[in-house]
Amino acid sequence: MNNPFPTTQYFGRETFCDRESEMRDVISNIRNNNSTTLTAIRRMGKTGLIFHIFETYKDEITPIYVDILSTNNKSDFVNVLSTAIINAVPEKTTLGKKLWKYFKTLRPVISFDPLSGNPQVSISGSEAEAENDIHALLTFLNNLDVRVVIAIDEFQQILEYPMQNMDAWLRTVIQTLPNVVFVFSGSQRHLITQLFADPGRPFYRSTQILHFGSIPKEIYRQFIVDQFNKSKKLIPVEIANSIWEWASGHTYYVQLLCNRLFANCGKQITRENMNREISKIFQEQEVVFYQYRELLTKPQWNLLKAIGIENEVTTPTSAKFINDHQLGGSASVLRSLKALEIKEMIYSESGEAEKKAYRVYDVLLKRWMQNKFRMIK
Ligand SMILES: Nc1ncnc2c1ncn2[C@@H]1O[C@H](COP(=O)(O)OP(=O)(O)OP(=O)(O)O)[C@@H](O)[C@H]1O
Ligand SMILES: [Mg+2]
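Residues numbered from 1 in each chain as written. Chains lettered and ligands numbered in written order. Predicted model: local features only at pLDDT ≥ 70, side-chain atom pairs only at ≥ 80, totals over all residues. Heavy atoms only, no water.

Caption draft 1: Fine view of unusual backbone geometry. With a phi close to 60°, glutamate 154 is a non-glycine residue in the positive phi region. Looking at the element boundaries, glutamate 154 is found in the loop between strand 5 (148-153) and helix 6 (166-175). (Helix = DSSP H or I, 4+ residues; strand = E, 2+ residues; numbered from the N terminus.)

Put into structure tokens, the structure is as follows:
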């Protein structure tokens, strides 16, 4: 029996928890030819959600997934996108035959990935030619009798490209493709906000932004209990609840702890098991945590520690917070706060009614700090 709590990739509907309402929103957008932008903090489950939607609605859509994190410019983008398109449709199918026949007229350079054996495409020629080719390929998809959905993951990467007009170009292309629906996804919320919500940028209001947070505790804990039960293992619901709490509802960390408990413990999961697995994870990670300390200035590290210990901080420049943690002046705190946010060591989020709150990004680091510095909140 495989571990029912994967911590990497997507392994099908059996191991996936909830996200029903997010799925409904996205599929409704797809059916109505509107694009969606998924945003969430890192490791909350954006990529998993895309794969889950693709799996769930595979009879209705022709899904194409592309991760552009490794791309540095428009040619890279065109190459990974055409590779994804070609790999999404098996050559043997009727659709695949049509696609390949058409694709070959673009005279791409096709090589084969030595590991997977999958074709890899590079469209040679000038940038203008590559642009025309990808546009032609997308137009071909647009004119087919199937609903093509293209998910572009790590979309904020286009902001790193040297040309300024990438989003303008893409927007123009997309506007000519009424039957191809896009799902953009990105982790760095401010970048997504910059691309999609700033009236000066071409993507402004052209996509529905769907920001999502934790899977609700009641749903996740039941899922945990059920997953253990399926393998004839028992976990009390209170412990499942504590796992969610310990992970602050952050998907990857819930999965990680459940994965370890499933792998290393017997048929009856106890609180001691949970505590022991947490200590083991801390031990493994400690080197990394001390590395963080080396990479930060002393005021930054102290502020990070203070936010970690507090769990969340809404008034980082208040006299109480500064005094409690001996952080010096408020100007220095603001400087460090900004630096930590840019380095993605912390993130800030504000709900509808609540104030903006700062939290440590890495839940393991946060819990380790709380443990190490003995001020558990
Ligand atoms: N709803 C879910 N149920 C069970 N496991 C999930 C769920 N969502 C995500 N996961 C698992 O959590 C881990 C992190 O999820 P994922 O990689 O999708 O996050 P992400 O938001 O794309 O992260 P990043 O910003 O780093 O790309 C994955 O291993 C995935 O298997
Ligand atoms: Mg991802």
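There is more to say, and it comes next.
Caption draft 2: Looking closely at the nonpolar core. Ile224, Ile243, Leu304 and Ile307 are the most contacted members of the largest nonpolar core, which has 52 residues in total. Excluding its chain neighbours within four sequence positions, the residues that come into contact with leucine 304 are Leu296, Leu340, Met345, Ile346, Val360, Leu365 and Met369. Judged by nonpolar contacts, the second largest core, of 44 residues, contains Ala130, Leu141, Leu170 and Leu177. (Core = buried A, V, L, I, M, F, W, Y, C linked by side-chain atoms within 4.5 Å. Buried < 20%, exposed > 50% of the residue type's maximum accessible area, 1.4 Å probe, protein only. Contact = heavy atoms within 4.5 Å.)

Caption draft 3: Structural context of the site of ligand 1. Ligand 1 sits among 21 residues. The nearest are Thr7, Gln9, Cys17, Lys46 and Gly48. One nitrogen or oxygen atom from the main chain of threonine 7 is found 2.8 Å from an oxygen atom belonging to ligand 1. Contact between ligand 1 and glutamine 255: a nitrogen atom at 3.4 Å from a side-chain N or O atom of the residue. Out of a free accessible area of 630 Å², ligand 1 has 88% covered by protein chains. For the shell around ligand 1, the secondary-structure elements that each account for two or more residues are helix 2 (46-56) and helix 10 (251-264). For the shell around ligand 1, the residue count by class is six nonpolar, 10 polar and five charged. (Near = heavy atom within 4 Å. Polar contact = N/O pair within 3.5 Å; in protein donor to acceptor, adjacent residues only side chain to side chain. Areas by Shrake-Rupley, 256 points an atom, 1.4 Å probe, with all protein chains shown as cover. Nonpolar A, V, L, I, M, F, W, Y, C, P; charged D, E, K, R; others polar.)

Caption draft 4: The pattern of salt bridges, seen in detail. Overall, the coordinates contain 14 salt bridges when judged by the stated rule. The residue glutamate 91 makes a salt bridge to lysine 104 at a minimum N-O spacing of 3.7 Å. You can see glutamate 91 sitting in the loop between helix 3 (74-88) and helix 4 (94-104) and its partner lysine 104 sitting in helix 4, a full 13 residues away along the chain. Assessed through its relative accessible area of 46%, lysine 104 is described here as partly exposed. Notably, a salt bridge pairs glutamate 284 with arginine 260, separated by 2.9 Å at the nearest N-O pair. Note that glutamate 284 is positioned in helix 11 (residues 271-295) and arginine 260 in helix 10, a separation of 24 residues in sequence. Among the residues examined, glutamate 284 registers a relative accessible area of 40% and is labelled partly exposed. (Salt bridge = Lys/Arg side-chain N within 4 Å of Asp/Glu carboxyl O.)

Caption draft 5: Molecular detail of helix 1 (residues 20-31). Its 12 residues give helix 1 an end-to-end C-alpha distance of 16 Å, which sits within 8% of 16 Å, the value for a rise of 1.5 Å per residue. Turning to helix 1, its buried residues number three or more, namely Glu22, Met23, Val26, Ile27, Asn29 and Ile30. Down the axis of helix 1, the buried set is contained in an arc of 155°. They therefore lie on one face. Among the residues trailing helix 1, asparagine 33 stands out with phi positive, at a value near 60°. (Expected span 1.5 Å × (residues − 1). Arc of directions from axis to C-beta.)

Caption draft 6: Representation of the packing of helix 8 (residues 217-230) against helix 9 (residues 237-246). Following both chains from N to C, one finds helix 8 and helix 9 inclined at 125°, their axes separated by 9 Å at the closest point. When the axis of helix 8 is compared with that of helix 9, the two are oblique. When you trace helix 8 past helix 9, the crossing you get is right-handed. Where helix 8 abuts helix 9, its residues Lys217, Tyr220, Arg221, Ile224 and Val225 lie against Val237, Ala240, Asn241, Ile243, Trp244 and Glu245. Its residues placed into classes, the contact of helix 8 with helix 9 shows seven nonpolar, one polar and three charged. (Axes fitted to C-alpha atoms, helices over the stretch in contact; angles between N-to-C directions. Parallel < 35°, antiparallel > 145°, perpendicular 65-115°, else oblique. Left-handed = near helix turned anticlockwise from the far one by under 90°.)

Caption draft 7: Molecular detail of the packing of aromatic side chains. The full count for this structure, using the stated rule, is 19 aromatic pairs. On the numbers, 5.6 Å between centres and 70° between planes, the contact of tyrosine 10 with phenylalanine 16 is edge-to-face. Of the two residues, tyrosine 10 and phenylalanine 16, both sit in the buried class. Taken together, the aromatic side chains of Phe5, Tyr220, Phe223, Phe228 and Phe262 make up a single cluster linked through ring pairs. Residue placement shows lysine 305 over the ring face of phenylalanine 373; its charged tip is 4.5 Å from the ring centre. (Phe/Tyr/Trp six-rings, centres within 6.5 Å; stacked < 30°, edge-to-face > 60°. Lys NZ or Arg CZ within 6 Å of the ring centre and 35° of its normal.)

Caption draft 8: Focus on the environment of isoleucine 41. If you trace the backbone, isoleucine 41 turns up in the loop between strand 1 (36-39) and helix 2. In this structure, the C-alpha to C-alpha distance between isoleucine 41 and phenylalanine 212, residues 171 residues apart in sequence, is 8.5 Å.

Caption draft 9: Structural context of the pairing of strand 8 (residues 346-349). The side-chain alternation of strand 8 yields two buried faces, one formed by Ile346 and Ser348 and the other by Tyr347 and Glu349. As judged from the four bridges shared by strand 8 and strand 9 (residues 357-360), these two strands associate in the antiparallel manner. Bridging from a neighbouring strand, isoleucine 346 pairs with valine 360 of strand 9. (Pairing = 2+ DSSP bridges.)

Caption draft 10: Layout of the sheet that holds strand 7 (residues 208-211). Spatial ordering of the open sheet is given by 2-5-6-1-7, a layout of five strands whose pairing is parallel. Pairing within the sheet leaves two strands with one partner each, and these edge strands are strand 2 (62-67) and strand 7. On average, each strand axis in the sheet is inclined to that of its neighbour by 20°, with strand direction left out of account. Bridging between strand 1 and strand 7 involves four bridges; their strand directions are parallel. Each bridged residue has a counterpart across the sheet, and for threonine 39 the counterpart in strand 7 is histidine 211. The sheet strands contacting helix 5 (residues 127-142) are strand 2, strand 5 and strand 6 (180-186), and the helix crosses strand 6 at an angle near 120°.

Caption draft 11: Spotlight on the packing of helix 12 (residues 298-310) against helix 14 (residues 330-342). Interhelical geometry of helix 12 versus helix 14 gives an angle of 80° and a closest axis separation of 9 Å. By the criterion of interaxial angle, the relationship of helix 12 to helix 14 is roughly perpendicular. Taken together, the residues of helix 14 that come into contact with helix 12 (itself represented by Pro299, Gln300, Leu303, Leu304 and Ile307) are Ser332, Val333, Ser336, Leu337, Ala339 and Leu340. A breakdown of the residues in the contact of helix 12 with helix 14 according to their chemical character gives eight nonpolar, three polar and no charged.

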